Amino acid sequence: MNGRVLRTELRRSTALTAGAAVATAGTAGLYVLVLSDQTGLWAPQWTMLAGIQRIMLVVLWPLALGAGAWQARRDRRSRMEELLTTTPRPIRSRALPPALAMGICLGLGYLLVLAAGALGVSTPYRHLGWAPIAVAGALSLVAAGWLGLGIGRLLPSQYTPPVLAVAGFLLLVVPVQLAKDGPTGAAALLTPNLTSPLDEVTTVTTPVSLGQSAWFAALALSGLVLLAVTRRRTAALAVVPAVLGLGIALPVLTAAPASGLATDPAATAEVCTTDGGPAVCVLKVHENDLAALVGPARTALALLAELPDAPTSVHEVPADRPGPQPATEVWLDIENHLPGGSWLGTGDELVMRVLAGGGTRPCPEQVDQGRALATAWLLGRFPLPGAEPPTEQASAREIEWYAARQAEWDDLRALPRDEQVRRVTAIRTIGLQCVRGVER
């Protein structure tokens, strides 16, 4: 096939319309997120942008499927079907140009959505870890278009495009609605769309992206076979590429985490101070905000020096960092950073966040055990910053809670100094022993 034939196909087929529809629908989805102030779903990280695009495939994939089926009806709509089938030109040579045009336009439409989202990405963390996620998504869209072409040629009814689009949408949505916690496992990873957004330090594992790409490439080839077969009874041959692709993809996807996600080691690599003072470290994705943390972190370390075996460094950690926490370190949970923004609080409030629980992370499996009390004692003030006494309009429950915390504070301060240190140290010890991690 030469370039002239392809250019003619691009002008006369619905491929350009299909690509424009994908680009418009995807960009509109991003614009809706902008209007609803949810840019945090992709702006902080390139991987998050690739992930939010994959979520949009729940709409874009059925759209591509229906567009392919609509294009396949061109010969029947123009009443040339009988004429073309009687010409000596092989059907394969007539099938390749529209398929190639459709694939190019759908892929470019997907890339245009990526480009539109890229304008809002604000992170200084540059990497290519997002590329396999985006490539798998684009390939799935091409597969949808070619499957639609093949099915539309075999079933050239005017109802085929809308029925295919609706069926594709239901295929992606219904399993999610039926599963209590969302579908997981290899079967769920065969679908083109992600069911939940990624965060700053989470990515789709590379083996999963490769397995998905193999599966979508096989589906695309099945679509081409359907488009090229000359008789309906030979259409069963289209199953062969899909089965082979499934045989390649399933072992890879089965060996992957059930969700297909994992912590990105590059995003969570530590970046630390090098000025000779107590070490303060943040995750690579927050490298630009290291300077804002250094002062409050070192102030917190100076206050913690009153405790025996005091820590000597502060480290920002992701949510799934397993414990136990080393006694020589303060762990600052990633939740103390606004995605794509800055630290939660400044001055004393940020010092308080570093000191929380004696410099330990909250432990979901354990009761509070006086974390706030230890923080107040180390900071030397009650109430804590941002927790002012309740006003007259406060509820009875709020007033009662504050009174209980005030009583705990007064009781602790009334004890001998050595006993105060022992109790605060005990609270820190409980936090150090916490073992937590998030199973992906």
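Structure: see above.
Residues numbered from 1 in each chain as written. Predicted model: local features only at pLDDT ≥ 70, side-chain atom pairs only at ≥ 80, totals over all residues. Heavy atoms only, no water.

Q: Break down the pairing of strand β6 (residues 329-333) for me, with residues and values.
A: Burial analysis of β6 places five of its five residues in the buried class, the great majority of the element. Sheet topology note: the strand β5 (residues 313-317)/β6 ladder contains five bridges and is parallel. If you follow serine 313 over to β6, its bridge partner there is glutamate 329. (Buried < 20%, exposed > 50% of the residue type's maximum accessible area, 1.4 Å probe, protein only. Helix = DSSP H or I, 4+ residues; strand = E, 2+ residues; numbered from the N terminus. Pairing = 2+ DSSP bridges.)

Q: Break down the sheet that holds strand β3 (residues 270-272) for me, with residues and values.
A: With mixed pairing, the four strands of this open sheet are ordered in space as β3-β4-β5-β6. The sheet terminates laterally at β3 and β6, the two strands that pair on one side only. If you compare each strand with its neighbour and ignore which way they point, the axes differ by 25° on average. Helix α12 (residues 290-304) rests against β3, β4 (280-283), β5 and β6 of the sheet, and its axis sits at about 135° to β4. (Axes fitted to C-alpha atoms, helices over the stretch in contact; angles between N-to-C directions. Contact = heavy atoms within 4.5 Å.)

Q: Break down the side chain of aspartate 264 for me, with residues and values.
A: Residue placement: aspartate 264 occurs in the loop between β2 (261-263) and β3. Overall, the relative accessible area of 10% leaves aspartate 264 in the buried class. Only 3.1 Å separates the side chain of aspartate 264 from the backbone nitrogen of alanine 266, close enough to count as a polar contact. The contacts of aspartate 264, once residues within four sequence positions are left out, are Tyr125, Val201, Thr202 and Thr203. (Polar contact = N/O pair within 3.5 Å; in protein donor to acceptor, adjacent residues only side chain to side chain.)

Q: Describe in detail the state of the cysteines, supporting the description with residues and values.
A: Under the defined criterion, the tally for this structure stands at one disulfide. Each disulfide pairs two cysteine sulfurs, and for cysteine 272 the partner residue is cysteine 281, the sulfurs being separated by 2.0 Å. Negative torsions about the S-S bond denote left-handed disulfides, and the value of about 110° found for cysteine 272 with cysteine 281 makes this one right-handed. Judged by relative accessible area, which is 1%, cysteine 281 ranks as buried. (Disulfide = S-S within 2.5 Å.)

Structural measurements only, silent on function.
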